[in-house]
Amino acid sequence: SRQLGVAQASLVFGMICLVVSAAAAAETPSVERVAALLQSGQESVRVVCFGDSITGVYYHTGGRRAWCDMLGIALKRLYPQSRVEMSNAGISGNTSAAGLARIDKDVLARRPHLVVVMFGMNDAARAPREQFEANLKAIVGRCRGVGAAVVLCTPNSVYPNVPRPVERLAQFAESVRHVAKEL
C-alpha cells in the first residue's frame, strides 16, 4: 500500500510539472527550474508544503506519513541524485487567511525553491470564495516574490458533511483551478 502511494505521488507530481510547465514555460520562478535543480543534484532543493491539517498531520494516513513526506520520497525516487529538503508547514484548522498571516515565518523564511499550497478544506467551511481566491493570489505572489515556484493543489474529497458539502468543495476546487490558470 505504501508503494502504491509513492507511485501515485510520483505520477501526480510528474503530471503537475507537465501541466505547470506548459502553462508557465517562460516564467521565472518555474517548476522547470526546480526540476533542473533536482536533476543536477548540485544544490539542496527546498520544498515547503503549505496548508492545513491535510498537509500537516499524519492522521490522514493512519499515522504513517503526511502527504508532503510522500512527495519527498517520490521526488527522491524520480531524481535519485537530488538533495531534497522537505518542510511541512501545515497547521490543523488553518484557512488560507491564517496561512497568509504566517507565511513569512513558516514559508518564506525557509527560502524555498518550491511551495506546494493546499488550502481550501477549512475555507470551504467558513470563508467566501472570493476571499479564498484573493488569499491564494496573495500567497502565490508572496512566494514568487522570493523566487519560489508554486504548485496549487485542489482540496481533496470528503464524505458528505454539513460544514463541507461536496458541492461547496467542488466550487473551491474550481477556485483553485481558476487562480492557477490566471496566474
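Presented here is an overview of the structure given in this document.

How each quantity is defined
- Residues numbered from 1 in each chain as written.
- Predicted model: local features only at pLDDT ≥ 70, side-chain atom pairs only at ≥ 80, totals over all residues.
- Heavy atoms only, no water.
- Pairing = 2+ DSSP bridges.
- Helix = DSSP H or I, 4+ residues; strand = E, 2+ residues; numbered from the N terminus.
- Axes fitted to C-alpha atoms, helices over the stretch in contact; angles between N-to-C directions.
- Contact = heavy atoms within 4.5 Å.
- Core = buried A, V, L, I, M, F, W, Y, C linked by side-chain atoms within 4.5 Å.
- Buried < 20%, exposed > 50% of the residue type's maximum accessible area, 1.4 Å probe, protein only.
- Expected span 1.5 Å × (residues − 1).
- Salt bridge = Lys/Arg side-chain N within 4 Å of Asp/Glu carboxyl O.

**Examining the sheet that holds strand 4 (residues 149-152)**
And step 1. Pairing is parallel across the open sheet formed by four strands, whose spatial order is 2-1-3-4. The strands lining the two open edges of the sheet, one partner per strand, are strand 2 (83-90) and strand 4. Averaged over all neighbouring strand pairs, the angle between strand axes comes to 20°, with direction disregarded.
And step 2. Bridging between strand 1 (residues 44-51) and strand 2 involves eight bridges; their strand directions are parallel. Of the residues in strand 2, the one forming a bridge with V47 is M86.
And step 3. The strands touched by helix 4 (residues 67-78) within the sheet are strand 1, strand 2 and strand 3 (114-118), with strand 2 carrying the most contacts at an inclination of about 165°.

**Overview of the nonpolar core**
And step 1. Counting 43 residues, the largest nonpolar core has F50, V107, V116, V117, C143 and L152 as the members making the most contacts within it.
And step 2. Among the secondary structure elements, those contributing two or more residues to this core are helix 2 (31-40), strand 1, helix 4, strand 3, helix 6 (121-126), helix 7 (129-145), strand 4 and helix 8 (166-182).

**Overview of helix 4**
And step 1. Compared with an ideal rise of 1.5 Å per residue, which puts twelve residues at 16 Å, helix 4 spans 16 Å between its outermost C-alpha atoms and is within 8% of the ideal.
And step 2. Here helix 4 has its buried residues at C68, M70, L71, G72, A74 and L75.

**What about unusual backbone geometry?**
Glycine aside, residues mostly have negative phi, and peptide bonds are mostly found in the trans state.
And step 1. At R111, a position not held by glycine, the phi torsion is positive, near 50°.
And step 2. One can find R111 in the loop between helix 5 (96-106) and strand 3.

**Here we look at the pattern of salt bridges**
And step 1. According to the stated counting rule, one finds five salt bridges in the structure shown.
And step 2. Across the salt bridge formed by E182 and K137, the nearest N and O atoms sit 3.1 Å from each other. Here the residue E182 occupies a position in helix 8, and K137 occupies one in helix 7, the gap between them amounting to 45 residues.
And step 3. Given a relative accessible area of 45%, E182 falls into the partly exposed group.
And step 4. One salt-bridge network, in which partners are shared between bridges, spans R102, K105 and D106.

These values are about where atoms sit, not about what they do.
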